Amino acid sequence: MDKKIGFIGTGNMATAIIKGLIKTGFATADQIISSRRNQDLLNQLKNETAIQVTTDNKKVAAQADVLFLAVKPHVYEDVIAEVKDFVKDDVIVVNIAAGKSIAFIEEQFGKKVKVARAMPNTPALVGEGMVGLCFNDQLTSDEEQLMKSLFASVGKVEIIDEGLLDAVVGASGSSPALLYMVIEAMADAVVKAGMPRQQAYTFAAQAMVGTGKMILETGSHPGLLKDQVCSPGGSTIEGVIRAEEAGLRAAVIAGVDATIQKSIEMNK
């Protein structure tokens, strides 16, 4: 990949993508430039990754062939107004903010611009991200493939209709927070049984990783896989029943639905 990748804003998500791109070899450090207001945090990122950093958003915009808008949604309008006259004619603008549609980005630039809208998640940092991705009609098929390959370098990618991005927020964008809570709760339970805390996290986290891979690699329905480990009268079915009594599924559905509804509100 011989293009320059720019990031305006370098919070947790952008940092995860930057480190993921470098770690997987999709891009080298000298192909990436990033900006943010806090010079100390920029210096920290530069020391960790060796990318080029600056406090000048316009400098990033002028150099980038692929430009990530990685700032908070409420400042998108101001940032675009600041940089829109400095971007390259054929730049691909990547919108990773919840609540900011492709139409909004096009309107703010006030001209035809290539827009990719993505909903990534922070496991991109370890090459296990999940990304929902869509485009406007300005990208060529090669450019669409480039964007898919970029995000595939840090995890899995699904091309979807923009109208489903709110659901992606629930399925993968926000869900790591819920899954971390599940792992923490599992660890608490086994710590209660006497296992050391760090070892408990290792067992619980690896069980989560392996469970996900079982679904992805076998293509089996999760209910079937659950049934296969529930021996009659065994410990697993006992745990399933108690979790159901405590409202596990209802709690997960409520939490995921809340993230989706919040994302919908942010689009208004």
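Note that the structure is predicted; figures quoted are calculated from it, not measured.

What about the overall build of the chain?
No. 1: The number of helices and strands found in the chain is twelve helices and eight strands.
No. 2: Counting only C-alpha atoms, the chain reaches 70 × 40 × 30 Å along its principal axes.
No. 3: The burial tally for the chain puts 40% of its 268 residues in the buried class.
No. 4: Counted over contacts in the chain with a minimum sequence separation of 6, partners at least 24 positions apart contribute 62%.

As for the side chain of Gln 31
No. 1: Topologically, Gln 31 is positioned in the loop between helix H1 (12–24) and strand S2 (32–35).
No. 2: A relative accessible area of 14% means that Gln 31 is categorised as buried.
No. 3: At 2.8 Å, the side chain of Gln 31 forms a polar contact with the backbone nitrogen of Thr 28.

Focus: the nonpolar core
No. 1: Ranked by internal contacts, the top residues of the largest apolar core, which has 33 residues, are Phe 7, Leu 21, Phe 68, Met 147, Leu 150 and Phe 151.
No. 2: For this core, the secondary-structure elements that each account for two or more residues are strand S1 (5–8), H1, helix H2 (39–49), strand S4 (66–69), strand S5 (92–95), strand S6 (114–119), strand S7 (129–135) and helix H6 (141–152).
No. 3: With near-sequence residues (within four places) excluded, Phe 68 lies in contact with Ile 5, Gly 6, Phe 7, Ile 8, Ile 17, Val 94, Ile 96, Leu 150 and Phe 151.
No. 4: Core analysis: the second largest hydrophobic core is formed by 29 residues, Val 79, Ile 80, Leu 165 and Val 169 among them.

Structural notes on the UniProt feature "binding site: NADPH" (unreviewed entry) in the chain
No. 1: Sequence positions flagged by UniProt for "binding site: NADPH" (unreviewed entry) are, in local numbering, Asn 57.
No. 2: Once you skip the residues sitting within four places of it in the chain, Asn 57 turns out to touch Ile 8, Ser 35, Glu 82 and Val 83.
No. 3: A distance of 2.7 Å separates the side chain of Asn 57 from the side chain of Ser 35, its partner in a polar contact.

Examining the packing of helix H4 (residues 76–83) against helix H5 (residues 102–109)
No. 1: Where H4 meets H5, the closest approach of the two axes is 9 Å, and the angle between their N-to-C directions is 40 degrees. When the axis of H4 is compared with that of H5, the two are oblique. Crossing of H4 over H5 shows right-handed handedness. Where H4 abuts H5, its residues Tyr 76, Glu 77 and Ile 80 lie against Phe 104, Ile 105, Gln 108 and Phe 109.
No. 2: For the contact of H4 with H5, the residue count by class is five nonpolar, one polar and one charged.

As for the UniProt feature "binding site: NADP(+)" (unreviewed entry) in the chain
No. 1: Taking the numbering used here, the UniProt-annotated feature "binding site: NADP(+)" (unreviewed entry) corresponds to Ile 8, Gly 9, Thr 10, Gly 11, Asn 12, Met 13, Ala 70, Val 71, Lys 72 and Pro 73. Spanning 66 residues, the named residues form one tight spatial group whose C-alpha atoms are at most 14.3 Å apart.
No. 2: Take Asn 12: it is sitting in helix H1.
No. 3: Inspection of the secondary structure assignment puts Met 13 in helix H1.
No. 4: Overall, the relative accessible area of 22% leaves Met 13 in the partly exposed class.

What about the domain arrangement of the chain?
No. 1: Domain assignment breaks the chain into domain 1 (5–164) and domain 2 (172–267).
No. 2: Between domain 1 and domain 2, the C-alpha centre-to-centre distance is 31 Å.
No. 3: Residue-level contacts link twelve residues of domain 1 with eight residues of domain 2.
No. 4: Across the domain 1 to domain 2 interface the summed buried area is about 660 Å²; carbon plus sulfur atoms make up 58%.
No. 5: For the pair domain 1 and domain 2, the number of links is one residue pair in polar contact (both at pLDDT 80 or more).
No. 6: Here the side of domain 1 that touches domain 2 is composed, by residue class, of six nonpolar, three polar and three charged.

Section: a nonpolar patch on the surface
No. 1: The grouping of Leu 179, Val 182 and Met 186 at the surface amounts to a nonpolar patch, some 210 Å² of accessible area in total.
No. 2: Position of Val 182 relative to the elements: it lies in helix H8 (residues 175–192).

Details of the pattern of salt bridges
When their charged atoms lie close together, side chains carrying opposite charge are able to pair.
No. 1: Taken as a whole and judged by the stated rule, the model has ten salt bridges.
No. 2: In this structure, Asp 227 and Lys 226 form a salt bridge, with 3.0 Å as the shortest nitrogen-oxygen distance.
No. 3: Look at Asp 227 and you get partly exposed, because its relative accessible area is 46%.
No. 4: Within this structure, Asp 56, Lys 58 and Glu 82 form a network of salt bridges that share partners.

Points about the environment of Glu 143
No. 1: Structurally, the position occupied by Glu 143 is in helix H6.
No. 2: Using a relative accessible area of 16% as the deciding quantity, one classes Glu 143 as buried.
No. 3: Along the primary structure Glu 143 and Ile 92 are separated by 51 residues, whereas in three dimensions their C-alpha atoms are 8.3 Å apart.
No. 4: Those residues in contact with Glu 143, other than ones at most four positions away along the chain, are Ile 92, Lys 114 and Gln 138.

Thresholds applied
- Residues numbered from 1 in each chain as written.
- Predicted model: local features only at pLDDT ≥ 70, side-chain atom pairs only at ≥ 80, totals over all residues.
- Heavy atoms only, no water.
- Helix = DSSP H or I, 4+ residues; strand = E, 2+ residues; numbered from the N terminus.
- Buried < 20%, exposed > 50% of the residue type's maximum accessible area, 1.4 Å probe, protein only.
- Contact = heavy atoms within 4.5 Å.
- Polar contact = N/O pair within 3.5 Å; in protein donor to acceptor, adjacent residues only side chain to side chain.
- Core = buried A, V, L, I, M, F, W, Y, C linked by side-chain atoms within 4.5 Å.
- UniProt positions renumbered as here; feature names shortened; annotations may be inferred.
- Axes fitted to C-alpha atoms, helices over the stretch in contact; angles between N-to-C directions.
- Parallel < 35°, antiparallel > 145°, perpendicular 65-115°, else oblique.
- Left-handed = near helix turned anticlockwise from the far one by under 90°.
- Nonpolar A, V, L, I, M, F, W, Y, C, P; charged D, E, K, R; others polar.
- Domains from an automatic or database assignment.
- Buried area = accessible area lost by both parts, 1.4 Å probe.
- Patch = residues over 30% accessible without salt bridge, like charges linked within 9 Å, V, L, I, M, F, W, Y side chains within 5 Å.
- Areas by Shrake-Rupley, 256 points an atom, 1.4 Å probe, with all protein chains shown as cover.
- Salt bridge = Lys/Arg side-chain N within 4 Å of Asp/Glu carboxyl O.

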